[in-house]
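A structural walkthrough
Below are the chains, spelled out letter by letter.
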Amino acid sequence: MDMSDQLYYVNILANILTNLYKFVQPICFILGNIGNLLTAFVFWRKTWRKNVCVLYFKVYLISNTCYINSSLLGSTFIYGYNIHLQNTNIVLCKAFYYSAFLFAIHPPTILILASIDRLLISSQNVDTRLYSSKRLAYFSIGLSTFFWIVFNVHILIMVHIQELYPSVFVCYYDLSSSYQNFVYYYLAIVNICFCFIMIVLCLLSFKNIRHIQVVPRQQRNQRRTMTKKDFQLLRCLFAHGIVYIIFRIGINLYYGYDAITRGQQRSELRRIIEVLINDFLTFLFNASYCLSFFIYISISKTFRHELKRILWKVCGKDVMPMREEENRQDNLAVNAGSVVNYIVPSS
């Protein structure tokens, strides 16, 4: 295959990618915002506010929404419609990159904290389960948020509108190779570590659940139980981890590859192909922020029922509320008049 044929196929791929950003990503933008809004209606109801894991999910939801309406929307204009507003104003330039970095790192941090909470609540040790509290959640969320806000301040300092060629100005990092290597290695290492940590924590939580026992209803108040809602939230959290890995591992590996090969000479064809790969992996990365609602509605029966109640109430109709007993039990059985419930045994 000669060079002209290669460029022909590359142009086809470039057009496909442009159409993804022009037509598909706006759909993701709309569905992501609507889904997050519906999820917020459910999570901010009184019956859900008491759950510690839901508190983590609400912060995750806010952070996701911020990314969708900043970086995802910006990339739609840049790659889909060739509109580069960030190149025209230094404030927009710095804000665009800073929000992209902050909201790319903050949501997975919240998922890790939520995974730690699920690991605590599923522990066999009573004292360990007591650490799953809103006080610890507020402290850990506040500390991690403050850390990433401060840590990413280097973006506000090192990102400028650079003159790459005569009369060609682009909003980009500082052109020094050392800083660009730092950015790419930092993104790759942090996100790959996040993937590994989330999977390990979720697997440990599921391992703890294997030791859950069934005891008579009259004994359940003697020990701290895991409710049916807790089980469903744990499965949702595990699904978040899977989505994170599938949609984000590619771009993180690319960052590492780009940092390692940055000093190599690239042909024009290779450079174009690498740009296309980066743009496609960025599209997948952006799409992961729009899937939270679909995770909750496909995995959590309680979430579906609560959403159904809200929608029917908007239409002026009432739905029979899900029994509180069903929320607290993973399996309801009657044996000689004795109702049982899943609980975590104390050590």
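The structure presented is a predicted model; accordingly, all values stated were derived computationally and were not measured. (Residues numbered from 1 in each chain as written. Predicted model: local features only at pLDDT ≥ 70, side-chain atom pairs only at ≥ 80, totals over all residues. Heavy atoms only, no water.)

1. Describing the overall build of the chain
Helix and strand counts for the chain stand at 13 helices and five strands. Within the chain, buried positions represent 47% of all 347 residues. For the chain, the share of sequence-separated contacts (at least 6 apart) that also reach a separation of at least 24 residues comes to 78%. About 17900 Å² of surface is accessible on the chain, with carbon and sulfur atoms providing 66% of the total. (Helix = DSSP H or I, 4+ residues; strand = E, 2+ residues; numbered from the N terminus. Buried < 20%, exposed > 50% of the residue type's maximum accessible area, 1.4 Å probe, protein only. Contact = heavy atoms within 4.5 Å. Areas by Shrake-Rupley, 256 points an atom, 1.4 Å probe, with all protein chains shown as cover.)

2. Some points on the state of the cysteines
Throughout the structure, instances matching the rule amount to one disulfide. Across the disulfide from Cys93 sits Cys171; the S-S distance is 2.0 Å. Classification of the bridge connecting Cys93 and Cys171 rests on its S-S torsion, roughly 85°, and on that basis the disulfide is right-handed. Remark: Cys171 occurs in strand β2 (residues 168-173) and Cys93 occurs in helix α4 (residues 90-121); sequence separation between them is 78 residues. Classification of Cys171 by relative accessible area gives buried; the value is 2%. Unpaired in this structure, Cys193 has its nearest cysteine sulfur neighbour in Cys195, at a distance of 9.2 Å. (Disulfide = S-S within 2.5 Å.)

3. Describing the layout of surface pockets
Of the voids in this model, the largest pocket is the one considered here, and its volume is about 1900 Å³. Taken together, 49 residues line the largest pocket, and the ones lying closest to its centre are Tyr79, Tyr97, Tyr172, Tyr184 and Asn278. Counting residues per element, the lining of the largest pocket draws most heavily on helix α10 (residues 268-287), at 10 residues. Among the residues forming the lining of the largest pocket, the class breakdown is 28 nonpolar, 15 polar and six charged. (1 Å grid on protein atoms, 1.4 Å probe; cavity = no way out; pocket = protein on both sides within 12 Å on 5 of 7 lines; lining within 4 Å. Points joined across faces, edges and corners; volume = space filled by probe spheres on them. Nonpolar A, V, L, I, M, F, W, Y, C, P; charged D, E, K, R; others polar.)

4. Focus: α4
Over its 32 residues, α4 extends 47 Å from the first C-alpha to the last, a length consistent with the 46 Å expected when each residue adds 1.5 Å. Within α4, 26 of the 32 residues are buried, which leaves it mostly tucked inside the rest of the structure. (Expected span 1.5 Å × (residues − 1).)

5. Comments concerning empty space enclosed by the protein
By the definition in use, this model includes one cavity of 30 Å³ or more. Residue lining of the largest cavity: Tyr60, Pro107, Pro108, Leu111, His240, Val243, Tyr244, Arg248, Ser288, Leu291, Ser292 and Ile295, and that is the complete set. Elements that contribute at least two residues to the lining of the largest cavity include exactly α4, α9 (228-260) and α11 (292-299). Top contributing element to the lining of the largest cavity by residue count: α9, with four residues. Of the residues contributing to the lining of the largest cavity, the split by class is eight nonpolar, three polar and one charged.

6. Overview of the confidence of the model for the chain
For the chain, the average pLDDT comes to 83, and 86% of its residues sit at 70 or higher. Predicted confidence is poor over residues 324-347, with pLDDT under 50, and the contacts of this stretch with residues over four places away or in other chains come to 81 contacts. (pLDDT = per-residue confidence, 0-100.)

7. Points about the pairing of strand β1 (residues 159-165)
Residues in a regular strand point their side chains to alternate faces of the sheet. Of the pairings in the sheet, the one linking β1 to β2 comprises six bridges and is antiparallel in character. Bridging across to β2, Gln162 finds its partner in Val170. Count of turn residues in the β1/β2 antiparallel hairpin: two residues, of which Ser167 carries a positive phi of about 70°. (Pairing = 2+ DSSP bridges.)

8. Brief notes about the side chain of Arg118
Mapped onto the secondary structure, Arg118 falls in helix α4. Residue Arg118 is classed as buried on the basis of its relative accessible area, which comes to 2%. Not counting the four nearest positions on each side in its chain, Arg118 is found in contact with Asn51, Cys53, Ser132, Ser205, Asp230, Leu234 and Leu237.

9. A look at the nonpolar core
With 70 residues, the main nonpolar core has Phe43, Tyr56, Phe57, Tyr97, Phe101 and Phe303 as its most contacted residues. At 14 residues, α4 tops the list of elements feeding residues into this core. Setting aside its immediate chain neighbours within four residues, Tyr56 contacts Ile110, Leu113, Ala114, Asp117, Leu136, Ala137, Ser140 and Ile141. With six residues, the next largest nonpolar core counts Leu17, Leu269, Leu276 and Phe283 among its residues. (Core = buried A, V, L, I, M, F, W, Y, C linked by side-chain atoms within 4.5 Å.)

10. Some points on the packing of aromatic side chains
In total, this model carries 31 aromatic pairs according to the counting rule given. Summarising the aromatic geometry, the rings of Tyr67 and Tyr289 are spaced 3.9 Å apart at their centres and angled 10° between planes, so their arrangement reads as stacked. Of the two residues, Tyr67 sits in helix α3 (residues 52-81) while Tyr289 sits in the loop between α10 and α11, which places them 222 residues apart along the sequence. Across this residue pair, the class does not change: Tyr67 and Tyr289 are buried. Aromatic pair Phe293 and Phe303: ring centres 6.2 Å apart, planes at 70°, arrangement edge-to-face. (Phe/Tyr/Trp six-rings, centres within 6.5 Å; stacked < 30°, edge-to-face > 60°.)

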